[in-house]
There are 2 protein chains.
Amino acid sequence: MPEIPQKTEYLIGVDLGGTKILAGVFTPDIKCLGKAKVSTKAVRGPDAVVERIIRCVQDAIDECDLDMKQVRGVGVGAPGAVNTDEGRVIFAPNLKWENVALKKALEKELGLPIFVENDCNLCTLGVYETELEGRPRHVLGIFLGTGIGGGLIIDGKLYSGFNRTAGEIGHMVIEVGGAKCECGNRGCFEALAGRAALFKKIQGAVRDGQKTVLTEMLGPSLEDLRSGDLRKAIKRGDKFVEKVVEEAAEYTGIAVANLINILNPEVVVLGGGLIDALEDEMMAIIVETALDYSMAGTTRGIEIRASKLGDDAGITGGAVLARAMTKQ
Amino acid sequence: MPEIPQKTEYLIGVDLGGTKILAGVFTPDIKCLGKAKVSTKAVRGPDAVVERIIRCVQDAIDECDLDMKQVRGVGVGAPGAVNTDEGRVIFAPNLKWENVALKKALEKELGLPIFVENDCNLCTLGVYETELEGRPRHVLGIFLGTGIGGGLIIDGKLYSGFNRTAGEIGHMVIEVGGAKCECGNRGCFEALAGRAALFKKIQGAVRDGQKTVLTEMLGPSLEDLRSGDLRKAIKRGDKFVEKVVEEAAEYTGIAVANLINILNPEVVVLGGGLIDALEDEMMAIIVETALDYSMAGTTRGIEIRASKLGDDAGITGGAVLARAMTKQ
């Protein structure tokens, strides 16, 4: 029979994104009991977003028929540079935040210990604790969603660098003069293999007369395009979509090889919405390309794998962080 | 009056390269007293190279009018992956070495404590201890010579990754489909900004009819081309050479930005023969390009600088390592 958790044994993970907030309630052994989601509404400013985080946490607790008093701590992932000691978001471009004392604001309202981390670091931590065996010392997490971000575990600990910005792997230039990136540069990894870049490429090609089953599925403007639609189109034999996805997988493989050459991690784990939806179509190409481009000797015994956590990586990592920081 | 060193206070640093071996004798406060150099002759095999290292060390000691008994330890930098615990070179492509027990072989012959490290790590350590103030926690060393290598200090310690190959930044692809690299891939940083790549580019252009003062200086084949010749040609107003060097500096700046985005070090230090010879021509462009391509917030308070150690970075790092490992 499973042990009945102590009164304050539950953990909450929060993934604060540019468009949505996800909160999950977890047991001490990091099993998810229930979740809640609200839109972020970042345009309303930090105070409003803090209120929405609180509502999302309350919704998740309510969903699980629990009470706030049964929660031990909350780990929050924010999309930007985070001062983890103070729980302060230094800057988060997607939220247009600068210097937001998130820990303080949330602790005041929730009356619970709050711990804030960078979102990709939290995702990596979630994978590290729940999916990887044998406690690898150096792990790199690569998350392909709308954009691309990375998390680093070095010597068993999250690494964030001097300005807490380490892991900005989406803006590693891998094709000088290549596709334009939102950041203003050209040829960034994110501009070649991020979901927004792929969608833009497909929509542009369709405007230029490219035929694809996606327009049959979704109409000519492809406004509601999702990663899963790409998988469906490939399954229906769409060679154009297949090629776009294959190219993205090749670029991702080259990026993985670059990071293996630079950091030589023991495990590289890929996650995020794009990998989640297109694992079967992308992973084999990513691994093959990465091994092809990595220097001799760098890949001996290392593992390149996909995470199964999908959208839950962030909230899982949040729960792991909260558990570690409130260890009794 | 300076303290007179104890009998066994001297330290030796050895830089084992693909073409030459450099040994230097250092005081406990890491001042170089004298050096010796011999060719590596790697084709003769590991045993012959070990003998040549020993001869080089003996020459350096003799040069300083010292005796082997006055030496406390020897730090050796090898161009490859090194198991530092065992002092074993796992593999070193330039030497065609695999699994060479270098520490054991040298200790047997020299009767001194020997410590082996990766060469670029040692260079970074040398710069870290003798040129950087305030003990930065995270430092990246980038060394542009014939090829390009890197060294990483994370949390104040050398970092070498799972297979001891971290820092292979020369094979980070920054231009997919770009110039062919010796490693077999295309568009590696080293193939765009390493000395061998620049020389090849210049020699190719000259064969295709490009005019340059370099042929006046060195004859039409440009066989004995050196980094310093590029500086001289630029000083003499050679726009072609200037452009080649500027392009290399731009590629280097992009590589630096990539590494800042990924690792967010506090200090990035550039060294090696190419930087040594062309610091005035390259550094301003490297810094400007790096700041331009780095993500907002990543470069706040960080420093990008050139090392003054030049060819002595490796032996300096060797002495630093020997001092640290024999601390009394």
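Here the residue index of a chain counts from 1 through its sequence in written order. To read the labels, note that chains go from A and ligands from 1, taken in the order they are written. Per-residue local features are limited, in this predicted model, to residues with pLDDT of at least 70; the limit for side-chain atom pairs, both in listing and counting, is 80 or more; totals at the level of whole chains, interfaces and linings are taken over all residues.

**Focus on the interface of chain B and chain A**
Opposite the 37 residues of chain B that make contact, chain A presents 37 residues. Numbering goes from the N terminus for both helices and strands, where a helix is a DSSP run of H or I of at least four residues and a strand is a run of E of at least two. Contributions of two or more residues to the side of chain B that touches chain A are made by β6 (88–92) and α8 (239–263) of chain B. Tallying contributions element by element places α8(B) first for the side of chain B that touches chain A, with five residues. Residue type decides the class: Asp, Glu, Lys and Arg count as charged, Ala, Val, Leu, Ile, Met, Phe, Trp, Tyr, Cys and Pro as nonpolar, and the leftover types, Gly among them, as polar. Broken down by class, the residue content of the side of chain B that touches chain A amounts to 22 nonpolar, eleven polar and four charged. Any residue pair is listed as a contact if its two C-beta atoms, each placed from the backbone, are within 7 Å.

**Things to note about the packing of helix α5 (residues 195–207) of chain A against helix α8 (residues 239–263) of chain A**
Residues and elements named next belong to chain A. For helices, the fitted line uses only the C-alpha atoms of the stretch in contact; every axis is such a line through C-alpha atoms, and the angle between N-to-C directions lies from 0 to 180 degrees. Two numbers describe how α5 lies on α8: the axes approach to 11 Å, and their chain directions differ by 150°. Remark: the crossing between α5 and α8 carries right-handed chirality. Contacts between α5 and α8 pair L198, K201 and I202 from the former with V241, V244 and A248 from the latter. What makes a crossing left-handed is the near helix being turned counterclockwise from the far one by less than a right angle; a clockwise turn instead makes it right-handed.

**With respect to the packing of helix α3 (residues 119–130) of chain A against helix α10 (residues 313–325) of chain A**
Residue and element names in this part refer to chain A. Packing of α3 against α10 brings their axes to within 7 Å, and their N-to-C directions diverge by 75°. Overall, the two elements α3 and α10 adopt an arrangement that is roughly perpendicular. Taking contact as the criterion, the partners of D119, L122, C123, T124, L125, G126, V127, E129 and T130 in α3 are, on α10, A313, G314, T316, G317, G318, V320 and L321. Broken down by class, the residue content of the contact of α3 with α10 amounts to seven nonpolar, seven polar and two charged. The scheme is simple: roughly parallel for angles under 35 degrees, roughly antiparallel for over 145, roughly perpendicular for 65 to 115, oblique for anything else.

**Topic: the nonpolar core**
Judged by nonpolar contacts, the single largest core of 221 residues is most densely connected at A:I12, A:V14, B:I12 and B:V14. Once residues lying within four places of it in the same chain are set aside, the contact partners of B:V14 are B:I21, B:A23, B:I53, B:C56, B:V57, B:V74, B:V76, B:G77, B:I315 and B:G318. Buried Ala, Val, Leu, Ile, Met, Phe, Trp, Tyr and Cys residues whose C-beta atoms connect them within 7 Å together make up a nonpolar core. With C-beta atoms placed from the backbone, the exposure class of a residue follows from how many other C-beta atoms lie within 10 Å of its own: 20 or more, buried; 12 or fewer, exposed; in between, partly exposed.

**Observations regarding the domain arrangement of chain A**
Residues and elements named next belong to chain A. Segmenting chain A into domains produces domain 1 (10–127 + 312–325) and domain 2 (134–307). Computed from C-alpha atoms alone, the centre-to-centre distance between domain 1 and domain 2 is 26 Å. Taken together, the contact pairs twelve residues of domain 1 with 16 residues of domain 2. The set of elements that each furnish at least two residues to the side of domain 1 that touches domain 2 consists of β5 (81–83) and α3. The biggest single contributor to the side of domain 1 that touches domain 2 is α3, with six residues. Looking at the side of domain 1 that touches domain 2, its residues break down into eight nonpolar, four polar and no charged. Note that the domain bounds reflect an automated or database-derived domain assignment.

**Let's talk about the relation of the copies chain B and chain A**
Of the transformation superimposing chain B on chain A, the axial component is 0.0 Å and the angular component is 180°, with the fit at an RMSD of 0.0 Å. The symmetry that links the two subunits is that of a two-fold axis. Interface residue correspondence from chain B to chain A reaches 100%, placing this contact among same-surface, isologous pairings. What sets the superposition is a least-squares fit of C-alpha atoms, and only residues with pLDDT of at least 70 in both copies go into it.

**Here we look at the pairing of strand β1 (residues 10–16) of chain A**
Residues and elements named next belong to chain A. Counting buried positions along β1 yields seven of seven residues, so the element is predominantly enclosed. By the alternation rule, side chains of β1 split into Y10, I12, V14 and L16 and L11, G13 and D15, which are all buried. Pairs of strands are assigned from DSSP output, requiring at least two bridges between the strands. Taken together, the six bridges between β1 and strand β4 (residues 71–78) define a ladder with parallel strand orientation. Within β4, the residue paired with L11 across the bridge is G73. Two elements, β1 and strand β2 (residues 20–26), share six bridges in a ladder whose sense is antiparallel. Within β2, the position partnered with D15 by the bridge is L22. Counting the residues between successive antiparallel strands, the hairpin from β1 to β2 contains three residues.

**As for the sheet that holds strand β12 (residues 267–271) of chain A**
Residue and element names in this part refer to chain A. The strand order across the open sheet formed by five strands is β11-β10-β9-β12-β13, and the pairing between neighbours is mixed. One side of each edge strand has no neighbouring strand; the edge strands of this open sheet are β11 (157–159) and β13 (303–306). Looking at each pair of strands side by side, their axes are set apart by 25° on average, direction ignored. One ladder, built from six bridges, connects strand β9 (residues 139–144) with strand β10 (residues 148–154); its direction is antiparallel. If you follow G141 over to β10, its bridge partner there is G151. α8 contacts β9, β12 and β13 of the sheet and is inclined by roughly 155° relative to β9.

**Brief notes about the pairing of strand β8 (residues 114–118) of chain B**
All names here are of chain B. Most of β8 sits out of view: five of its five residues are buried. Here five bridges tie strand β4 (residues 71–78) to β8, and the two strands are oriented parallel to one another. Bridged to V76 within β8 is V116.

**Looking at the environment of B:S227**
Residue and element names in this part refer to chain B. Assignment of secondary structure puts S227 in helix α7 (residues 227–235). Placed 51 residues apart in sequence, S227 and L278 show a C-alpha to C-alpha distance of 7.4 Å. Not counting residues up to four positions away in its chain, the partners in contact with S227 are R195, G273, L274, A277 and L278.

**Examining the sheet that holds strand β2 (residues 20–26) of chain B**
All names here are of chain B. Spatially, the five strands line up as an open sheet ordered β3-β2-β1-β4-β8, and their pairing is mixed. Taken across any chain shown, the strands that pair with only one partner, and hence form the sheet edges, are β3 (32–39) and β8. Along the sheet, successive strands turn relative to each other by an average axial angle of 20°, direction set aside. Pairing geometry for β2 and β3, over seven bridges, is antiparallel. Its bridge partner being in β3, F26 is matched across the sheet by C32. Against the sheet, helix α10 (residues 313–325) engages β1 (10–16), β2, β4 and β8, with an angle of about 135° to β1.

**Notes on helix α1 (residues 46–63) of chain A**
Think of an α-helix as 3.6 residues a turn; residues three or four steps apart then line up on the same face. Residues and elements named next belong to chain A. To estimate the expected span of a helix, count its residues, drop one, and scale the result by 1.5 Å. Helix length check: α1, at 18 residues, gives a terminal C-alpha distance of 25 Å against a target of 26 Å (1.5 Å per residue), a fit within 8%. Among all positions of α1, only V49, I53, C56, V57, A60 and I61 are buried. Buried residues in α1, looked at end-on, bunch into an arc of 135°, giving them a common side. Downstream of α1 by one or two residues, D65 has phi in the positive range, about 55°. What the arc measures is the spread of directions leading from the helix axis to the C-beta atoms.

**Comments concerning helix α9 (residues 273–293) of chain B**
Residues and elements named next belong to chain B. With 21 residues, α9 ought to run about 30 Å at 1.5 Å a step, yet its terminal C-alpha atoms sit only 25 Å apart, falling short of that. Here the bend at each residue means the angle between axes fitted to two seven-residue stretches, the one ending at that residue and the one beginning there. At E279, α9 is bent by approximately 100°, the largest bend along its length. Of the residues making up α9, those classed as buried are L274, I275, D276, A277, L278, M282, I286, V287, A290 and Y293. Those residues of α9 hidden inside the fold are in contact with β9 (139–144), α5 (195–207), α7, α8, β12 (267–271) and β13 (303–306).

**Brief notes about unusual backbone geometry**
All names here are of chain A. Of note in this structure, I30 is not a glycine but carries a positive phi near 60°. Mapped onto the elements of the fold, I30 is located in the loop between β2 and β3 (32–39). When the 17 C-beta atoms within 10 Å are taken as the criterion, I30 is described as partly exposed. A positive phi angle, near 55°, is found at K41, a position not held by glycine. Tracing the backbone shows K41 in the loop between β3 and α1. Given 14 C-beta atoms within 10 Å, K41 falls into the partly exposed group.

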